[in-house]
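Coordinates in review
So the chains spell out like this:
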Amino acid sequence: MGDEVKHVTYDRQQRRAYRRKVQLCLDVFETMLARTPFDFEQPLTGMEIECNLVDADYQPAMSNRVVLDAISDPAYQSELGAYNIEFNVPPRMLRGHTGLELEAEVRSSLNDAEIKANARGSHIVMIGILPTLMAEHLHDNWMSESTRYTALNDSIFDARGEDIPIDISGPEPLSWKAASIAPESACTSMQLHLQVAPDDFAANWNAAQVLAGPQLALGANSPYFFGHRLWAETRIELFTQSTDTRPQELKTQGARPRVWFGERWITSVTDLYQENIRYFPSLLPELSDEDPVAELAAGRCPQLSELRLHNGTVYRWNRPVYDVVQGRPHLRLENRVLPAGPSVIDMLANSAFFYGALRTMSEDRQRVWSELNFAAAQHNFLKAARHGIEARLQWPGLGEVGARQLVLDTLLPMAHEGLRRWGVDTEVREHFLGVIEGRAKAGRNGASWQVLTVGALEDSGMTRPRALAEMLRRYCEHMHANEPVHTWDTHRLS
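Only a predicted model underlies this, so the values are computations on that prediction, with no experimental measurement involved.

With that settled, the discussion passes to the overall build of the protein chain. Across its full length, the protein chain holds 16 helices and 15 strands. Each principal axis of the C-alpha atoms in the protein chain carries an extent, and together these give about 70 × 50 × 45 Å. In the protein chain, which comprises 494 residues, the proportion classed as buried is 61%. When contacts within the protein chain are restricted to residue pairs at least 6 apart in sequence, long-range pairs at least 24 apart make up 75% of them. For the protein chain, the exposed area adds up to about 19400 Å²; of that, 48% sits on carbon and sulfur atoms.

Before going further, it helps to examine the pairing of strand β14 (residues 392-395). Where burial is concerned, the two faces of β14 differ: the one with Leu-393 and Trp-395 is buried and the one with Arg-392 and Gln-394 is not. By the bridge criterion, 4 bridges tie β14 to strand β15 (residues 399-402) in an arrangement that is antiparallel. Bridge assignment links Trp-395 to a residue of β15, and that residue is Gly-399. Here β14 hands over to β15 after 3 residues, with Gly-397 in that stretch at a positive phi of 85°.

Structurally, the position occupied by Val-324 is in strand β12 (residues 318-325). The sequence separation of Val-324 and Phe-226 amounts to 98 residues, and the corresponding C-alpha distance is 41 Å. Leave out the neighbours within four places in its chain, and Val-324 touches Cys-301, Pro-302, Gln-303 and Pro-329.

Right, let's get into the nonpolar core. Among the nonpolar cores identified, the biggest contains 159 residues, and Phe-29, Ile-49, Tyr-322 and Met-361 are the most heavily contacted of them. Beyond its immediate chain neighbours, meaning those up to four positions away, Met-361 contacts Ala-207, Val-210, Leu-211, Arg-367, Val-368, Trp-369, Trp-395, Leu-411 and Met-414.

Its 20 residues give helix α11 (residues 344-363) an end-to-end C-alpha distance of 29 Å, which sits within 8% of 28 Å, the value for a rise of 1.5 Å per residue. With 19 of 20 residues buried, α11 lies mostly within the body of the structure.

Looking now at the pattern of salt bridges. Applying the stated rule across the entire model yields 32 salt bridges. Lys-116 is the partner of Asp-112 in a salt bridge, and the nearest nitrogen-oxygen pair spans 3.2 Å. Highlighted residues: Asp-112 and Lys-116, both in helix α3 (residues 98-118), separated by 4 residues, approximately one helical turn. Residue classification places Lys-116 among the partly exposed residues on the basis of a relative accessible area of 29%. For the salt bridge of Arg-246 with Asp-244, the shortest nitrogen-to-oxygen distance reads 2.9 Å. With respect to burial, Arg-246 and Asp-244 carry one shared label: buried. In this structure, a network of salt bridges that share partners links the residues Arg-359, Glu-363, Glu-417, Arg-420 and Arg-421.

Okay, the state of the cysteines next. Taken as a whole and judged by the stated rule, the model has 0 disulfides. In this structure Cys-476 is a free cysteine whose sulfur lies 11 Å from that of Cys-51, the closest cysteine sulfur available.

Quick look at the packing of aromatic side chains now. One pass over the structure, following the stated rule, counts 21 aromatic pairs. With a centroid separation of 6.5 Å and an interplanar angle of 80°, the aromatic rings of Phe-29 and Phe-38 are classed as edge-to-face. Exposure remark for Phe-29: the relative accessible area of 0% places this residue in the buried category. Residue Phe-38 is classed as buried on the basis of its relative accessible area, which comes to 3%. For the pair Trp-449 and Trp-488, a centre-to-centre distance of 5.0 Å together with 90° between the ring planes defines the contact as edge-to-face. Separated by 39 residues along the polypeptide, Trp-449 in helix α15 (residues 446-459) and Trp-488 in the segment after α16 (464-481) bring together distant segments of the chain. Taking relative accessible area as the criterion, Trp-449 reaches 0% and is therefore assigned buried.

What follows deals with the environment of Leu-152. With respect to the element layout, Leu-152 can be found in helix α4 (residues 147-160). Between the C-alpha atom of Leu-152 and that of Thr-313, which follows or precedes it by 161 residues, the distance is 8.8 Å. Ignoring sequence-local partners within four residues, the contact set of Leu-152 consists of Ile-181, Leu-283, Leu-284, Thr-313 and Tyr-315.

Where like charges cluster on the molecular surface, the positive patch consists of Arg-12, Arg-16, Arg-19 and Arg-20. Of note, Arg-19 is situated in helix α1 (residues 12-35). Of the residues examined, Arg-19 reaches a relative accessible area of 55% and is grouped as exposed.

Looking now at the packing of α3 against helix α14 (residues 426-442). The interhelical angle for the contact between α3 and α14, taken along N-to-C directions, is 55°, at an axis separation of 8 Å. As summarised for this structure, α3 and α14 are arranged oblique, according to the angle between their axes. Together, Gly-99, Leu-100 and Glu-103 of α3 and Glu-427, Val-428, His-431 and Phe-432 of α14 make up the contact between the two elements. Looking at the contact of α3 with α14, its residues break down into 3 nonpolar, 2 polar and 2 charged.

Procedures and definitions
Residues numbered from 1 in each chain as written. Predicted model: local features only at pLDDT ≥ 70, side-chain atom pairs only at ≥ 80, totals over all residues. Heavy atoms only, no water. Helix = DSSP H or I, 4+ residues; strand = E, 2+ residues; numbered from the N terminus. Buried < 20%, exposed > 50% of the residue type's maximum accessible area, 1.4 Å probe, protein only. Contact = heavy atoms within 4.5 Å. Areas by Shrake-Rupley, 256 points an atom, 1.4 Å probe, with all protein chains shown as cover. Pairing = 2+ DSSP bridges. Core = buried A, V, L, I, M, F, W, Y, C linked by side-chain atoms within 4.5 Å. Expected span 1.5 Å × (residues − 1). Salt bridge = Lys/Arg side-chain N within 4 Å of Asp/Glu carboxyl O. Disulfide = S-S within 2.5 Å. Phe/Tyr/Trp six-rings, centres within 6.5 Å; stacked < 30°, edge-to-face > 60°. Patch = residues over 30% accessible without salt bridge, like charges linked within 9 Å, V, L, I, M, F, W, Y side chains within 5 Å. Lys, Arg positive; Asp, Glu negative; His and termini not counted. Charge placed at Lys NZ, Arg CZ, Asp CG, Glu CD. Axes fitted to C-alpha atoms, helices over the stretch in contact; angles between N-to-C directions. Parallel < 35°, antiparallel > 145°, perpendicular 65-115°, else oblique. Nonpolar A, V, L, I, M, F, W, Y, C, P; charged D, E, K, R; others polar.

Take a look at the structure:
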């Protein structure tokens, strides 16, 4: 959840003042990049896991307020939907045995939260889209209590002036109209953070954009929405459409969507912030009392609240984050590509693969992105979302190659080397990257397991709704056992 806001509606004067303040914040930020030391000597990683709540029948449970009160831990927060919660994993360095310690800590925290949720009649599920979610669940009382979410919903619909069409292709195409941003709440992700030096940000962002396609092909986990089988990672297209502020006329004119892959490689982090201001009007024009120029002149580190808030309403799949901790500024790369789930070990394997391959690719003298057209990187991303682990992707020197082969032959060695450079112990590298290798060899990720399991259950005589609920029950069993998804059984029907 982003920072709370004070207003639900905004007038023209507020919007004009906010626009000026955002530009002023960017000017100050650019000055800071040239003159102010940023914190990056011991870079930290972080993780946010968005989860769903279900009842005893594995249907959505609109109970996050009750469940959060029971958990009573500031690491757990509300998200957009009343059936969503978010778990914020404390930042840490990658080196040594940290990964194994993190796996144990995340499992312990989630298990404790699950026990407390159970006492309130709910279960916690980590999955890209809750497969039992249907249109009727999003009519009333679906939104968490939050001024920010109400304001965001109203701003998007004020900008559009009409309902949002949800049209998604796939084996069972879906066409529906949304009268709110409720479908966005269906999209639950795992977000990875990496603290980087300002001078290294562009290389890391470019590398992350290159990795987005293979990363998503490996981790796809959202094949169903409203009972329809759609893309392997339907969440990508659903999130794009459900937050689209553009009426049809602006789409025709080429206006950018707020969920945005981007359109070019960058040379500086300021390229991204400048694009945000140039292309996207404000959705939440909240003004702070801070004078960033005066703060900087006084030797203090400004919060740049308006710049941060605006950045938080432009939904890049790899997003820059400016933050201040204990009076020192830092930059983070926020990777938003992956869905939540299927298990803790799968998610930490995904993160190890990302951090390792990113380190090698961003430091390599032979810049992969200089040999790959940006449009090809975006095309890879969309093909991975549609086809998952069986996608075929473009890669320099290889032409079109299967995602599984690309991972096994090219990217896994990069990930091993990158983790070695991070100082990650051999045992930890082999533990997590072994999961990635097993998944690529088996050709099974969360999306393919869901589809195979639902198909088997329907073949045994179940209706689609019953099959989805039963699949989700089995999914939760495997999730709590912390088994990597490529080892999950798809044929047991008892």
